[in-house]
Amino acid sequence: MPAYSTILLALVPVFLVMITGAVFQKRGLLSEETETGMMRLSLNLLAPCLIFTKVTGNPALESVATAGWAIGLGLALILIGFGIAFITATAARFQKGHGLRTFTIAAGIQNYGFMALPVVMELWPDDPGPAGLIFVHGMGIELAIWTVGIFIMSQHAGPPWRKLINGPFIAVVVSLALNYSGGHVFVPEVVKTAMKWLGDSSIPMALFMIGATIGRFLKLEFWDDALRVSLSSVMARMILHPMAILAAAKFLPLPPELQKVMVVQAGMPAAVFPIVIARLYGGHPQTAIQVVLATTLASILTAPLVIALGIWWVGF
């Protein structure tokens, strides 16, 4: 089992890059147009290239059942996360129209992709399976977000299915198809090398933009009701939901590579994207910002502990 210090050191670069992004934004070195362009570049090119290099030819994804478990757990555990967040918010007396729906979404979704990936790669550098499964697992999470999540936030019966058809989603589908058909062996090595170069740059850029996003929305009014939101979000996101994720890793018949993914997911803070969802679908962006910042700060201390305990409890 990796030592606590090993896990902490795996997380420190993640937080440093995020802090750098926040500092650059707060000092006015990033315009909104630049941020938008970087996000589009990451979504439409860099992330798909990274997914291709991590998924195609990955021995952990030779079984269709493994991919099915990863997608299914992504969907089911986020729905459980929504339930835990809603119960926590109700107990804390959040009201509809004043942050209840936004808290449910923001505290129910962990930072499942670009924050978890470098931790997985650092902890198990010789095992390519978990890194590839991160993105397949993310398909289930995306499905939960763009169906049940949007329904909760907007109360509209028709979720925007087209939002599911984005660069990463297409990249996962194509990569899995190449895997199971054997077509990936016909991709020229020069193409794979170019895609690897592009994909490798997506991790620091994504972390930098997560920090910049937090920095952009961190205003003075952020502190209104921050204590109640912070305590509730840490309870839901950093304590209760990790217990459910680790229970799934321990008791479900999962391959070891997917168990590793689950353990790291359990330690992750809230995802940043619900801030955008709150802005676009009539939510309460301030609440989403508070959830993200509180859980991110708490995760500096809790994430190494949760991951270390998860590795010990699951037993690998």
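Up top you'll find the structure we're talking about.
The notes below deal with the structure included here. (Residues numbered from 1 in each chain as written. Predicted model: local features only at pLDDT ≥ 70, side-chain atom pairs only at ≥ 80, totals over all residues. Heavy atoms only, no water.)

**Topic: the packing of helix α3 (residues 64-91) against helix α10 (residues 226-251)**
Packing of α3 against α10 leaves a shortest axis separation of 9 Å and a crossing angle of 145°. Our pair here, α3 against α10, has a crossing hand that is right-handed. Two secondary-structure elements touch here, α3 through Leu73, Leu77, Ile80, Gly81, Ile84, Ala85 and Thr88 and α10 through Ser232, Met235, Ala236, Leu240, His241, Ala244, Ile245 and Ala248. Tallied by class, residues from the contact of α3 with α10 come to 11 nonpolar, four polar and no charged. (Axes fitted to C-alpha atoms, helices over the stretch in contact; angles between N-to-C directions. Helix = DSSP H or I, 4+ residues; strand = E, 2+ residues; numbered from the N terminus. Left-handed = near helix turned anticlockwise from the far one by under 90°. Contact = heavy atoms within 4.5 Å. Nonpolar A, V, L, I, M, F, W, Y, C, P; charged D, E, K, R; others polar.)

**Considerations on helix α7 (residues 167-181)**
Taking 1.5 Å per residue, 15 residues should reach 21 Å; α7 reaches 21 Å between its end C-alpha atoms and fits that length. Along α7, the residues that are buried comprise Gly167, Ala171, Val172, Ser175, Leu176 and Asn179. End-on, the buried residues of α7 take up no more than an arc of 155°, which puts them together on one face. Structurally, α7 contributes buried residues whose contacts are with α2 (32-55) and α6 (129-154). Backbone geometry just after α7 places glycine 182 at a positive phi near 80°. (Expected span 1.5 Å × (residues − 1). Buried < 20%, exposed > 50% of the residue type's maximum accessible area, 1.4 Å probe, protein only. Arc of directions from axis to C-beta.)

**Quick word on the nonpolar core**
One finds Phe103, Ile109, Leu123, Leu258, Met262, Val264 and Ile307 to be the most contacted residues of the largest nonpolar core, which totals 90 residues. Beyond its immediate chain neighbours, meaning those up to four positions away, valine 264 contacts Ala116, Val119, Val120, Leu123, Trp124 and Ile307. Core analysis: the next-biggest nonpolar cluster, separate from the first, contains seven residues, Leu30, Met205, Phe208 and Ala212 among them. (Core = buried A, V, L, I, M, F, W, Y, C linked by side-chain atoms within 4.5 Å.)

**What about the environment of leucine 258?**
Summarising the element assignment, leucine 258 is placed in helix α11 (residues 256-266). For leucine 258, a relative accessible area of 0% puts it in the buried group. Separated by 198 residues in the primary sequence, leucine 258 and alanine 60 place their C-alpha atoms 8.7 Å from one another. Ignoring any residue separated from it by four or fewer positions in sequence, one finds leucine 258 in contact with Thr66, Trp69, Ala70, Leu73 and Leu133.

**Quick notes on a nonpolar patch on the surface**
A cluster of nonpolar residues, Leu9, Val12, Leu16, Ile19 and Val23, forms a patch on the protein surface that exposes about 440 Å² of accessible area. Among the secondary structure elements, leucine 9 is positioned in helix α1 (residues 4-26). Its relative accessible area of 60% is what places leucine 9 among the exposed residues. (Patch = residues over 30% accessible without salt bridge, like charges linked within 9 Å, V, L, I, M, F, W, Y side chains within 5 Å. Areas by Shrake-Rupley, 256 points an atom, 1.4 Å probe, with all protein chains shown as cover. Salt bridge = Lys/Arg side-chain N within 4 Å of Asp/Glu carboxyl O.)

**So, the packing of aromatic side chains**
Summed over all chains, the structure comprises five aromatic pairs. Here the aromatic rings of phenylalanine 251 and tryptophan 313 are separated by 5.5 Å at their centres, their planes lie at 85°, and the arrangement is edge-to-face. Taken together, the residues phenylalanine 251 in helix α10 and tryptophan 313 in helix α13 (residues 285-314) connect sequence positions 62 residues apart. Classification of tryptophan 313 as partly exposed rests on a relative accessible area of 33%. Over the ring of phenylalanine 94 we find arginine 228; its NZ or CZ atom is 4.2 Å from the centre of that ring. We note lysine 250 situated over the ring of tryptophan 313; from NZ or CZ to the ring centre the distance is 5.7 Å. (Phe/Tyr/Trp six-rings, centres within 6.5 Å; stacked < 30°, edge-to-face > 60°. Lys NZ or Arg CZ within 6 Å of the ring centre and 35° of its normal.)

**Concerning the pattern of salt bridges**
Within this structure, the stated rule accounts for three salt bridges. Between lysine 192 and glutamate 189 there is a salt bridge, with its nearest N and O atoms 3.6 Å apart. One end of the pair, lysine 192, and the other, glutamate 189, are both in helix α8 (residues 189-200), three residues apart, so they sit about a helical turn from each other. Given the relative accessible area of 23%, lysine 192 is considered partly exposed. As a salt-bridge pair, aspartate 200 and lysine 196 come within 2.9 Å of each other at their nearest N and O atoms. Of this pair, aspartate 200 and lysine 196 are both found in helix α8, four residues apart, which corresponds to roughly one turn of the helix. Assessed through its relative accessible area of 36%, aspartate 200 is described here as partly exposed.

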